[in-house]
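As a plain string of letters, each chain reads:
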Amino acid sequence: MRIGIDLGGTKIEGIAIADEGHERLRRRIAAPRGDYASTLAAVAGLVRDIEHAAGATGTIGVGIPGTISPATGFIKNSNSTWLNGRALSEDLSRLLDRPIRFANDANCFALSEATDGAAAGADVVFGVIVGTGTGGGVVVHRRVLVGANAIGGEWGHNPLPAARGVESPGPPCYCGRSGCIETFLSGPALARDYADAGRAQMTAREIADRAAAGDALADAALARYEERMARALASVINLLDPDVIVLGGGLSNIERLYERVPKLWGAHIFSDRVVTRLVRAMHGDSSGVRGAAWLWDDG
Ligand SMILES: [Zn+2]
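Fair warning: this is a prediction, and the values are worked out from it, not measured in the lab.

**Description of the environment of leucine 247**
Right, so step 1: Summarising the element assignment, leucine 247 is placed in strand β11 (residues 244–248).
Right, so step 2: Sequence separation between leucine 247 and alanine 41 is 206 residues, and the spatial gap between their C-alpha atoms is 33 Å.
Right, so step 3: Contact partners of leucine 247, with chain neighbours within four places excluded, come to Phe109, Val128, Met229, Ser252, Leu257, Tyr258, Leu278, Val279, Arg280 and Ala281.

This is how it looks when you write it as structure tokens:
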């Protein structure tokens, strides 16, 4: 049995996946906020609860916001700031008396979709979460490509390729730079682009609905979004040449992206033909917790 834990900022979700791959059970609890010791106890309690209910013990994988620094072994880059600088891996392994694997939540998303989701069977998969932010993860032969700095796939903080006009230097990003891909492809970025075009503030979802209903300004904002996504993903294809790119997060529900973006990215890709597929995530919000469980795919 494989146990996956998705350690979020507001909730902690746990899943047990049987050896044959089907889901045995799932639990969800509120995440203690701002308190490291309570977070540790909550995760350990959730694992014990799952094992008690399943009547079996399992391997444990944990998806975290941020990553574990290869240099220090401590959590870094987490927006659950009370985890940063903590030896979560060591502390949790001691509490639960076994080795535990950790991965960034976007990497878990990519692993879930590459294992038994929308990219199942593909050798090279790039997973992108486009929602409040823009996370990314790379999976090759069903293994997460963590990288030397544990930032593999963090393409959202590259500059938007071939930026022009209002794109350069581009909007400020929380990372300290300007014009990052995230400042164009996140949900708030699409909302800002639409608002700048002279209309009221609206969510990405509302903009997509309006575009579908024939609103010209919304359609134009979405067209700009698609063209920017095409440029940003073309740079990934030139570097990584993935078989499949999987989109997750709120904006992955915009149906027209899957038809339009691949028609636009060819102009920026160094190949006469492009067979890379752009697909929507199959497991939706469950991909994080499922991918965490699959961190122990090799037994
Ligand atoms: Zn940035």
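Still more ground to cover, so stick around.
**Some thoughts on empty space enclosed by the protein**
Right, so step 1: One pass over the structure, following the stated rule, counts two cavities of 30 Å³ or more.
Right, so step 2: Of the volumes computed, that of the largest cavity is approximately 40 Å³.
Right, so step 3: For the largest cavity, the full set of lining residues is Leu7, Gly8, Ala31, Pro32, Thr39, Pro65, Ser80, Trp82 and Leu83.
Right, so step 4: Across the lining of the largest cavity, the residue classes tally to six nonpolar, three polar and no charged.
Right, so step 5: Around the second largest cavity, the lining residues are Phe184, Ala189, Leu190, Arg192, Asp193, Ala221, Tyr225 and Arg228.
Right, so step 6: Of all the secondary-structure elements, those providing two or more residues to the lining of the second largest cavity are α5 (187–196) and α7 (216–240).
Right, so step 7: Examining the composition of the lining of the second largest cavity, we find that four residues originate from one element, α5, more than from any other.
Right, so step 8: Taken together, the residues that form the lining of the second largest cavity break down as five nonpolar, no polar and three charged.

**Notes on the pairing of strand β9 (residues 134–140)**
Right, so step 1: With respect to burial, β9 is a largely interior element, six of its seven residues being buried.
Right, so step 2: Pairing between strand β8 (residues 124–130) and β9: seven bridges, direction antiparallel. Across the sheet, valine 128 pairs through a bridge with glycine 136, a residue of β9.
Right, so step 3: The hairpin formed by β8 and β9 contains three residues between the paired strands.

**Some thoughts on α5**
Right, so step 1: The element α5 is largely enclosed, with a buried count of seven among its 10 residues.
Right, so step 2: Residues of α5 that are buried: Gly187, Ala189, Leu190, Ala191, Asp193, Tyr194 and Ala195.
Right, so step 3: Phi turns positive, to about 110°, at glycine 198, one or two residues after α5.

**Concerning the side chain of threonine 134**
Right, so step 1: Relative to the helices and strands, threonine 134 resides in strand β9.
Right, so step 2: Judged by its relative accessible area of 4%, threonine 134 is buried.
Right, so step 3: Once residues within four sequence positions are removed from consideration, threonine 134 is found in contact with Val128, Ile129, Trp155, Gly156, Glu182, Leu185 and Ser186.

**A closer look at the coordination of the zinc ion**
Right, so step 1: With distances of 2.1 to 2.3 Å, the protein atoms coordinating the zinc ion are His157 (ND1), Cys173 (SG), Cys175 (SG) and Cys180 (SG).
Right, so step 2: Taken together, the four donor atoms coordinating the zinc ion and their angles of 104 to 119° define a geometry best described as tetrahedral.
Right, so step 3: Sequence positions of the donors to the zinc ion reduce to the motif H-x15-C-x1-C-x4-C. Placement of histidine 157 in the loop between β10 (143–144) and α4 (182–185) and of cysteine 173 in the loop between β10 and α4 is noted, with a sequence separation of 16 residues between them.
Right, so step 4: For histidine 157, a relative accessible area of 19% corresponds to the buried category.

**Focus: the sheet that holds β8**
Right, so step 1: In space, the five strands of this open sheet follow the order β10-β9-β8-β11-β12, with mixed pairing throughout. Looking along the sheet, the strands with just one partner apiece sit at the ends: β10 and β12 (277–280).
Right, so step 2: The pairing of β9 with β10 spans two bridges and is classified as antiparallel. Its bridge partner lying in β10, valine 139 is registered against valine 144.
Right, so step 3: The strands touched by helix α3 (residues 105–116) within the sheet are β8, β9, β10 and β11, with β9 carrying the most contacts at an inclination of about 45°.
Right, so step 4: Seen against the sheet, α7 touches β8, β9, β11 and β12 and runs at an angle of roughly 150° to β8.

**Regarding the sheet that holds strand β7 (residues 101–104)**
Right, so step 1: With respect to topology, five strands assemble into an open sheet ordered β3-β2-β1-β4-β7, the strand pairing being mixed. Both edges of this open sheet fall to β3 (23–30) and β7, since each of them pairs with a single strand only. Across this sheet, the average inter-strand angle for adjacent strands is 15°, counted without regard to direction.
Right, so step 2: The sheet contact formed by strand β4 (residues 59–64) and β7 spans four bridges and is parallel. When the sheet's bridge partners are listed, valine 62 is paired in β7 with phenylalanine 102.

What counts, and where the lines are drawn
- Residues numbered from 1 in each chain as written.
- Predicted model: local features only at pLDDT ≥ 70, side-chain atom pairs only at ≥ 80, totals over all residues.
- Heavy atoms only, no water.
- Helix = DSSP H or I, 4+ residues; strand = E, 2+ residues; numbered from the N terminus.
- Contact = heavy atoms within 4.5 Å.
- 1 Å grid on protein atoms, 1.4 Å probe; cavity = no way out; pocket = protein on both sides within 12 Å on 5 of 7 lines; lining within 4 Å.
- Points joined across faces, edges and corners; volume = space filled by probe spheres on them.
- Nonpolar A, V, L, I, M, F, W, Y, C, P; charged D, E, K, R; others polar.
- Buried < 20%, exposed > 50% of the residue type's maximum accessible area, 1.4 Å probe, protein only.
- Pairing = 2+ DSSP bridges.
- Donors = N, O, S within 2.8 Å, 3.2 Å for Na, K, Ca; no water.
- Tetrahedral: all angles 85-135°; square planar, octahedral: opposite > 155°, others 65-115°.
- Axes fitted to C-alpha atoms, helices over the stretch in contact; angles between N-to-C directions.

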